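As a plain string of letters, each chain reads:
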Amino acid sequence: MATAGSEHAPAASSRLQFVATWLMALALAMSPAYIVHLRKGFTLLEAVLLVAILVGLIAFWRDLPWRNSYTIPGAVLLLAALINVVMSPDRLAAADTWKAYFLEPAAAGLVIAAIARRRDRARILLLGLGVAGMIVSGANLVGDTNQWLIHGIRDHRLIVTPPVVIYDTANAIPLYLEPLDAFALAIFFLSEDRLERWLAGIFVVVSGLAILESLSRAGIPTFLVLVVLIAFFTRYRWLVTAGVAVICGLLFAGSGTIRHRVMVEFNLSSKDNTVDTRRRVWASALNMLRHHPIFGGGLDGFKQSLQPYITDGYNENLIYPHNLFLNFWSETGILGLAAFVWMMVQMLRTAIRGLRLEQSWPRIVAVGVIGVLVAFLIHGMVDVPYFKNDQALAYWALLGVQVGSLVGVRSISG
């Protein structure tokens, strides 16, 4: 015979899980708030995220998928980054970086994996990420449009590097939005739910415009590749490909700003050329890594560790090598690089598993994860797609949604 206490326990647990789900969604929506610094080295994002993680751990303790496709490589990556805190020239700054870029996002990803066992809860979490993406897109669209009007109409002057509202560089806009767009495109093309498709479609349009206005030479083609890639999982593949080809023709026609941004890369004497800058930083980074192959430059130590090994006239002030693999090698050592490559292999393997399932949601998530992987491999070859608070959180959050979608299928089938 059930007692009153036993009847109230499931209801209380359900309410706590409801609160934990929305708290995590709020934390994800507040991803851009990492720029607001509080006392004692914490940001506004961390203040909310830590509460969300704690409540989530309590509410979903029995559902936490400790053993999943990313458990071992993720643990190795966290360990490698922690070791490189000790090897860093600035251990205090490195400890803060490890906390904000590795420990907290990974913990959030684990909680998110438990929450996302149900599609309705996963949708709430993705809505939180969508709000963050709309904040980033909207703020920069307004700022960019204002500057375009001022300089383009009043001053008749070409904008080579657009202004940035939230971030320090325009490239940070597509770097954050591309993984979110991968999931939004997958939902837009593949979801059977009309509301999901509408919300995803609006997000893709707004974020796509923000990426376009960022004038990112890697961000724009990466976004267009994502559109074509994810469309290939549908019957609209050739129609979408033709549409993207037309858009590319329009973007590069005439003597517009985007055409100028691309053509300047073929002019090595131009101050706006970045190819030569990348070549110099990569050569210097590889020189440093040849001398320190095990631990690299130490976490948060690239700029300082690079100084004795600068080659080929490099005179920039970059804090990362601006290449996905060199970034992880320098920041987390050879062990961290191996762990991250392992993570990428697991992303593909688990995505293939999801594609083979009959259920719609795991297949949608699988396509989104493939898009995230492709975005990292394309844009990451010339930039830094992980080492920032919001980027790291989005990465682990999306992996958590993927793990949750697969665990949810097993629990239903079981």
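Up top you'll find the structure we're talking about.
Definitions and cut-offs
Residues numbered from 1 in each chain as written. Predicted model: local features only at pLDDT ≥ 70, side-chain atom pairs only at ≥ 80, totals over all residues. Heavy atoms only, no water. Helix = DSSP H or I, 4+ residues; strand = E, 2+ residues; numbered from the N terminus. Buried < 20%, exposed > 50% of the residue type's maximum accessible area, 1.4 Å probe, protein only. Contact = heavy atoms within 4.5 Å. Salt bridge = Lys/Arg side-chain N within 4 Å of Asp/Glu carboxyl O. Core = buried A, V, L, I, M, F, W, Y, C linked by side-chain atoms within 4.5 Å. Phe/Tyr/Trp six-rings, centres within 6.5 Å; stacked < 30°, edge-to-face > 60°. Expected span 1.5 Å × (residues − 1).

**Focus: the overall build of the protein**
Logical step 1: If you tally the helices and strands in the protein, you get 15 helices and zero strands.
Logical step 2: Counting over 414 residues, the protein shows a buried share of 53%.
Logical step 3: A sequence separation of at least 24 residues applies to 76% of the contacts in the protein between residues at least 6 apart.

**Description of the pattern of salt bridges**
Logical step 1: Following the criterion strictly, the structure yields nine salt bridges and no others.
Logical step 2: Two residues, Arg 119 and Glu 196, come together in a salt bridge whose shortest N-O distance is 2.7 Å. On the criterion of sequence distance, the pair formed by Arg 119 in helix 5 (residues 119-154) and Glu 196 in helix 7 (residues 194-214) is long-range, its members being 77 residues apart.
Logical step 3: A cluster of three or more residues bridged by salt bridges with shared partners is formed by Arg 119, Arg 123, Glu 192, Asp 193 and Glu 196.

**Description of the nonpolar core**
Logical step 1: In terms of nonpolar packing, the biggest core is built from 120 residues, with Met 24, Phe 102, Leu 129, Tyr 176, Tyr 386 and Tyr 395 touching the most fellow members.
Logical step 2: In contact with Phe 102, not counting residues within four places along its chain, are Leu 77, Leu 78, Ala 81, Thr 97, Leu 299, Thr 332, Tyr 386 and Phe 387.

**Focus on the side chain of Asp 390**
Logical step 1: Along the chain, Asp 390 turns up in helix 15 (residues 389-413).
Logical step 2: Excluding residues that lie within four positions of it along the chain, Asp 390 makes contacts with Ser 31, Tyr 34, Tyr 167 and Tyr 176.

**Considering the packing of aromatic side chains**
Logical step 1: What the rule picks out here adds up to 18 aromatic pairs.
Logical step 2: Seen in terms of ring centroids, Phe 328 and Phe 387 are 4.9 Å apart; in terms of plane orientation they differ by 55 degrees. Their pairing is tilted. Here Phe 387 lies in the loop between helix 14 (360-379) and helix 15 and Phe 328 lies in helix 13 (residues 324-355), a separation of 59 residues in the sequence.
Logical step 3: Here Phe 328 falls in the buried class, since its relative accessible area comes to 1%.
Logical step 4: The interplanar angle of 65 degrees and the centroid separation of 6.4 Å between the aromatic rings of Phe 340 and Tyr 386 together place this pair among those described as edge-to-face. Of this pair, Phe 340 sits in helix 13 while Tyr 386 sits in the loop between helix 14 and helix 15; the two residues are 46 residues apart in sequence, bridging distant segments of the chain.

**A closer look at helix 7**
Logical step 1: With 21 residues, helix 7 should cover 30 Å at 1.5 Å per step; its first-to-last C-alpha distance of 30 Å lies within 8% of that length.
Logical step 2: Three or more residues of helix 7 are buried, namely Glu 196, Ala 200, Gly 201, Phe 203, Val 204, Ser 207, Gly 208, Ala 210, Ile 211, Glu 213 and Ser 214.
Logical step 3: At the C-terminal side of helix 7, Leu 215 shows a positive phi close to 55 degrees.

Everything listed is a geometric property; what it means functionally is a separate question.
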